[in-house]
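Each chain, written out:
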Amino acid sequence: MQAQKADILAQRPARTGWARQLILGAMLLVVPALSVLTAFGIAPDTSVADLEPTLVRQPLDLPELSPPQPLPERFVAQERVLRGDTVAALFERLGVRDPKALDFLRGDATGRAIFRQLVPGRMLQAETGSDGELLSLRYYLNASALMEVSRSPEGFASRQRAVTEAPRVFYKTATIGSSLFAATDAAGIPDAIALQIARVFATDIDFHVDLRKGDRFSVVYEMLYDSGELIAPGRILAAEFVNDGHAYQAVLFRDDEGEESYYSLDGTSRAKAFLRSPVEFSRVSSGFGKRFHPIFRNWRAHTGVDFAAPRGTRVIASADGHVVSAGRRGGYGNAVEIRHGGGITTLYAHLSGFARGVRAGTRVRQGEPIGFVGSTGFATGPHLHYEFKISGIHQNPMKVALPKAEPVPARLRPQFIEVASQARATIERVANSSPARFE
Ligand SMILES: [Zn+2]
């Protein structure tokens, strides 16, 4: 027994030497990037740390690495599911023009899951060719499972599988020079996260008009990975935005019913306040500057605020509520009226059309699209006419003291204080770091 043990110990260096030779051999034969994988494939028991392979430089006669024909164009796009969405509408937004793909999903046992589980907020990712044909599709059924469809010469195939990795957390900080997107681009922050920043702080900042040069923000966010590959941006966990010298913070907090929402660090819910602008902020609208400015007219005669915006721009609900009416309404043209808590109603007029599923009785969440900017009714050009009433009396939404947001329920206060103090410490660390250190 003793002898056998000694024997095994004695063999080890020899084996390592053999593996080393193999690796060096492989390096000479194969393209270096592939060689490591190849060698490990042959010697699975070898400890990687022991090896330290020496690099051997030797001129190789390699063929020119240029593709025989131009590579087919592939476009990757992803969209969040909106309330009332359909797979067809999502495909259109993703640039998928492929009726056969839709037919496949409808007829396929695994693919059908997407029709049954079209939950607002979930992510759909599509890869398309130059004619809009679907090459692959990924739908995140939840944070731990996804459905995949892929195209091969034989046709479409689908499968459902588990997401294999926990989300990775990123820390970034940036200063606004010209626009939010210029800053996020420079910091390597994905658009989906930039839009979430705008959404999280939309109750304090109208990102169309309020941003100032020198404003800065810090953000802690998740990115979802699967098998080492980035699959989608995740959620913002904590963030701070300093606008015109005033600092606003937000932290994601999950209540005891599993509902997640953003709170200020003092414990007031951000979502319970009203948005500063009912015109959706996007990469497109961010470049328009003054075109999205609220226009004040003679207040008494006008009873509303006009937001200049190009036709078709999405109009969003300024707070959670129920649709009271959605339809033609005299001089207002196409209009939506929403009832919120506290006797507050909001009205959105001159719309060119309504968002899918928006009708009397529909429950809408803050920030959800309800219609599109137009010029129906008495309107000289496309703009959004926005009214804000408290107990039936018109108020100027840009000036009225908006109702206080609801705080974290008392029973959750201890957990929240813990989460908020961690968030505060993290935000401070990120804000005081050089951007490069946190890449
Ligand atoms: Zn107006």
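Description of the structure in this document. What you see is a predicted model; the values in this text were computed from it and never measured. (Residues numbered from 1 in each chain as written. Predicted model: local features only at pLDDT ≥ 70, side-chain atom pairs only at ≥ 80, totals over all residues. Heavy atoms only, no water.)

**Structural notes on the pattern of salt bridges**
Piece 1. All chains considered together, the criterion is met by 21 salt bridges.
Piece 2. A salt bridge links Arg-93 to Asp-85; the nearest nitrogen and oxygen atoms lie 2.8 Å apart.
Piece 3. Looking at Asp-85, the relative accessible area reads 14%, which means it is buried.
Piece 4. Residues Glu-337 and Lys-389 are paired through a salt bridge, measuring 3.9 Å at the closest nitrogen-oxygen approach. Placement of the pair is Glu-337 in strand S15 (residues 334–339) and Lys-389 in strand S20 (residues 383–390), with a sequence separation of 52 residues.
Piece 5. Residue class for Glu-337 comes out buried when judged on its relative accessible area of 10%.
Piece 6. With relative accessibility at 17%, the residue Lys-389 sits in the buried group.
Piece 7. When salt bridges that share partners are traced, they join Arg-138, Glu-148, Arg-159 and Arg-161 into one network. (Salt bridge = Lys/Arg side-chain N within 4 Å of Asp/Glu carboxyl O. Buried < 20%, exposed > 50% of the residue type's maximum accessible area, 1.4 Å probe, protein only. Helix = DSSP H or I, 4+ residues; strand = E, 2+ residues; numbered from the N terminus.)

**Concerning the packing of aromatic side chains**
Piece 1. In total, this model carries 13 aromatic pairs according to the counting rule given.
Piece 2. Ring geometry for Phe-181 and Phe-281: centres 5.7 Å apart, planes at 5°, overall stacked. Separated by 100 residues along the polypeptide, Phe-181 in helix H6 (residues 180–187) and Phe-281 in the loop between strand S10 (260–263) and helix H8 (283–286) bring together distant segments of the chain.
Piece 3. For Phe-281, a relative accessible area of 13% corresponds to the buried category.
Piece 4. Residues Phe-253 and Phe-416 carry aromatic rings whose centres are separated by 5.2 Å and whose planes lie at 90° to one another, so their mutual orientation is edge-to-face. Placement of the pair is Phe-253 in strand S9 (residues 246–254) and Phe-416 in helix H10 (residues 413–431), with a sequence separation of 163 residues. For the pair formed by Phe-253 and Phe-416, the shared burial category is buried.
Piece 5. Grouped by ring-pair contacts, the aromatic residues Phe-181, Phe-201, Phe-207, Phe-217, Phe-241 and Phe-281 constitute a single cluster.
Piece 6. Here the guanidinium or amino end of Arg-429 rests over the ring plane of Tyr-171, the centre of that ring lying 5.5 Å away. (Phe/Tyr/Trp six-rings, centres within 6.5 Å; stacked < 30°, edge-to-face > 60°. Lys NZ or Arg CZ within 6 Å of the ring centre and 35° of its normal.)

**Some remarks on the packing of helix H3 (residues 87–94) against helix H4 (residues 99–107)**
Piece 1. Their axes nearest at 11 Å, the elements H3 and H4 cross at an angle of 145°. Considering the relative orientation of H3 and H4, their crossing is right-handed. Here H3 contributes Val-87, Ala-88 and Phe-91 to the contact with H4, which in turn contributes Ala-101, Leu-102 and Leu-105.
Piece 2. Its residues assigned to classes, the contact of H3 with H4 shows six nonpolar, no polar and no charged. (Axes fitted to C-alpha atoms, helices over the stretch in contact; angles between N-to-C directions. Left-handed = near helix turned anticlockwise from the far one by under 90°. Contact = heavy atoms within 4.5 Å. Nonpolar A, V, L, I, M, F, W, Y, C, P; charged D, E, K, R; others polar.)

**As for the sheet that holds S9**
Piece 1. Judged by pairing direction, the sheet is antiparallel, and its five strands sit side by side in the order S6-S7-S8-S9-S10 without closing on themselves. Strands at the two margins of the open sheet, each flanked by one partner only, are strand S6 (168–175) and S10. For this sheet, the mean inter-axis angle between neighbouring strands, taken without regard to orientation, is 25°.
Piece 2. Bridging between S9 and S10 involves four bridges; their strand directions are antiparallel. Note that in S10 the partner of Leu-252 across the bridge is Tyr-262. (Pairing = 2+ DSSP bridges.)

**Re H10**
Piece 1. Look at H10: 26 Å from first C-alpha to last across 19 residues, which is about the 27 Å you get at 1.5 Å a residue.
Piece 2. Residues of H10 that are buried: Phe-416, Ala-420, Ala-423, Thr-426, Ile-427 and Val-430. For H10, the arc enclosing every buried residue in end-on projection is 130°, short of the 170-degree limit, so these residues lie on one face. Exposed residues pointing more than 90 degrees away from the buried face of H10 are listed as Pro-414, Glu-418 and Gln-422.
Piece 3. Tucked inside the fold, the buried residues of H10 contact S6, strand S7 (216–226), strand S8 (229–243), S9 and S10. (Expected span 1.5 Å × (residues − 1). Arc of directions from axis to C-beta.)

**Looking at the pairing of strand S3 (residues 134–142)**
Piece 1. In terms of residue burial, S3 counts as a mostly covered element, since seven of its nine residues are buried.
Piece 2. As paired elements, strand S2 (residues 123–128) and S3 share five bridges and run antiparallel to each other. Paired with Thr-128 across the strands is Leu-134, a residue of S3.
Piece 3. The loop that links S2 with its antiparallel partner S3 comprises five residues; one of these, Gly-132, has a positive phi angle of about 85°.
Piece 4. Relative to strand S4 (residues 145–152), S3 runs antiparallel, the two sharing six bridges. Across the sheet, the residue bridging to Tyr-139 is Met-147, located in S4.

Structural measurements only, silent on function.
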